[in-house]
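Fold and geometry: a report
Spelled out, the chains give:
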Amino acid sequence: MNILVLNGPNLNLLGTREPAVYGSATLADVEALCRSAAAALGAGVQCRQSNHEGELVQWLHEAGAEHRAGRLAGVVFNAGAYTHTSVALHDAIKGTGVPVVEVHISNVHAREAFRHRSYLSPVAAGIVVGFGIEGYRLAIQGLVHKAAHDAPRPPAAG
Ligand code: DQA
């Protein structure tokens, strides 16, 4: 079972970016945590980061195809600020049907009002908010559990 971990804009700055909000761990630390969390469950993980909305959309499309082929359990996705603005990411998740767990390091609901709205939450399989980078581990555990308990997908036609 494989999982894709996607990080959106500015998350490449983790470690130096607003450490009082996001902590001192770097993106490399987050990706190492994800690899270890997935390995503990016998799952594989691929990690990608982009500051570009369209690239994230494209990766969701590819993830949808991998999911339909039975090769990907789903996506752990911290979309950063695009969470609060992106209809395109909402549509990509909805349109591909790939299970996505939305992750935020900080508790966005305890912050500025503009962070209270998420375009991803209505189409997410689950949401993990406010547990620091441990949220990525929780999201991976949730996706693996979901994949193990969901009804098997019918074989593709043709
Ligand atoms: C974030 C929260 C977002 O509001 C912010 O724009 C980020 C990081 C988080 O992980 O807490 O870039 O997604």
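Everything that follows concerns the structure shown earlier in this document.
Because the structure is predicted, anything quoted here is derived from the model rather than measured. (Residues numbered from 1 in each chain as written. Predicted model: local features only at pLDDT ≥ 70, side-chain atom pairs only at ≥ 80, totals over all residues. Heavy atoms only, no water.)

Regarding the packing of helix α3 (residues 53–68) against helix α4 (residues 87–96)
So the rule is basically this: Interaxial angle, 0 to 180 degrees, is taken between N-to-C directions of lines fitted to C-alpha atoms, where a helix line uses only the stretch in contact. Strands are runs of DSSP state E lasting at least 2 residues, helices are runs of H or I lasting at least 4, and numbering of each runs from the N terminus. Should an angle fall under 35 degrees it is taken as roughly parallel, and over 145 as roughly antiparallel, whereas 65 to 115 is taken as roughly perpendicular and any remaining angle as oblique. It only takes one pair of heavy atoms within 4.5 Å for two residues to be counted as in contact. Here the term charged refers only to Asp, Glu, Lys and Arg, the term nonpolar to Ala, Val, Leu, Ile, Met, Phe, Trp, Tyr, Cys and Pro, and the term polar to all other amino acids, Gly among them.
Relative orientation of the contacting elements α3 and α4 amounts to 10 degrees, with a least axis distance of 9 Å. The orientation of α3 with respect to α4, classified from their angle, is roughly parallel. Between α3 and α4, the contacting residues are E53, L56, V57, L60, H61, G64 and R68 on the first element and A88, L89, A92, I93 and T96 on the second. Partitioned by chemical class, the residues of the contact of α3 with α4 number seven nonpolar, three polar and two charged.

Regarding the site of the ligand
For clarity, the threshold we go by: Here a residue is near a molecule or strand as soon as one of its heavy atoms is found within 4 Å of it. In protein, a polar contact means a hydrogen-donor-capable atom and an acceptor-capable atom, both N or O and within 3.5 Å, with residues adjacent in sequence counting only if both atoms are side-chain atoms; elsewhere, any N or O pair within 3.5 Å suffices. For accessible areas, the Shrake-Rupley method is used with a probe of radius 1.4 Å. Any residue's cover is judged against the shown protein chains and nothing else.
In the vicinity of the ligand, the contacting residues are R17, Y22, N78, G80, A81, H84, H104, I105, S106, V108 and R115. Separating an oxygen atom of the ligand from a side-chain N or O atom of N78 is a distance of 2.8 Å. In the environment of the ligand, an oxygen atom lies 2.8 Å from a nitrogen or oxygen atom belonging to the backbone of I105. Coverage of the ligand by the protein chains reaches 99% of its 320 Å² of free accessible surface. Tallied by class, residues from the shell around the ligand come to four nonpolar, five polar and two charged.

A few points about the sheet that holds strand β3 (residues 74–78)
Put simply, the rule reads: A pair of strands is labelled paired if DSSP reports no fewer than 2 bridges between them.
Ordered in space as β2-β1-β3-β4-β5, the five strands form an open sheet in which the pairing is parallel. The open sheet is flanked by β2 (44–49) and β5 (126–129), the only strands paired with a single partner. Taking the axes of each pair of neighbouring strands and ignoring which way they run, one obtains an average angle of 20 degrees across the sheet. Sheet topology places strand β1 (residues 2–7) next to β3; five bridges connect them, and they run parallel. Across the sheet, L4 pairs through a bridge with V75, a residue of β3. Packing against the sheet, helix α2 (residues 27–40) makes contact with β1 and β2, and its axis sits at approximately 160 degrees to β2. The sheet strands contacting α3 are β1, β2, β3 and β4 (100–104), and the helix crosses β1 at an angle near 170 degrees.

Describing the nonpolar core
Most often, soluble globular proteins have nonpolar side chains that are buried together. Heads up, the condition is: The nonpolar core is taken to be a set of buried Ala, Val, Leu, Ile, Met, Phe, Trp, Tyr and Cys residues, with the residues joined through side-chain atoms within 4.5 Å. Each residue is placed in one exposure class: buried if its accessible area under a 1.4 Å probe, protein chains only, is under 20% of its type's maximum, exposed if it is over 50%, and partly exposed if it falls in between.
Counting 25 residues, the largest nonpolar core has I3, V5, V76, Y136 and I140 as its most contacted members. Looking at this core, the elements that each hand over two or more residues are β1, α2, β4 and α5 (134–149). Here V76 is in contact with I3, L4, V5, L6, V101, V103, Y136, A139, I140 and L143, once residues within four sequence places are set aside. In this structure, L60, A63, A92 and V100 belong to the second largest nonpolar core, which totals 19 residues.

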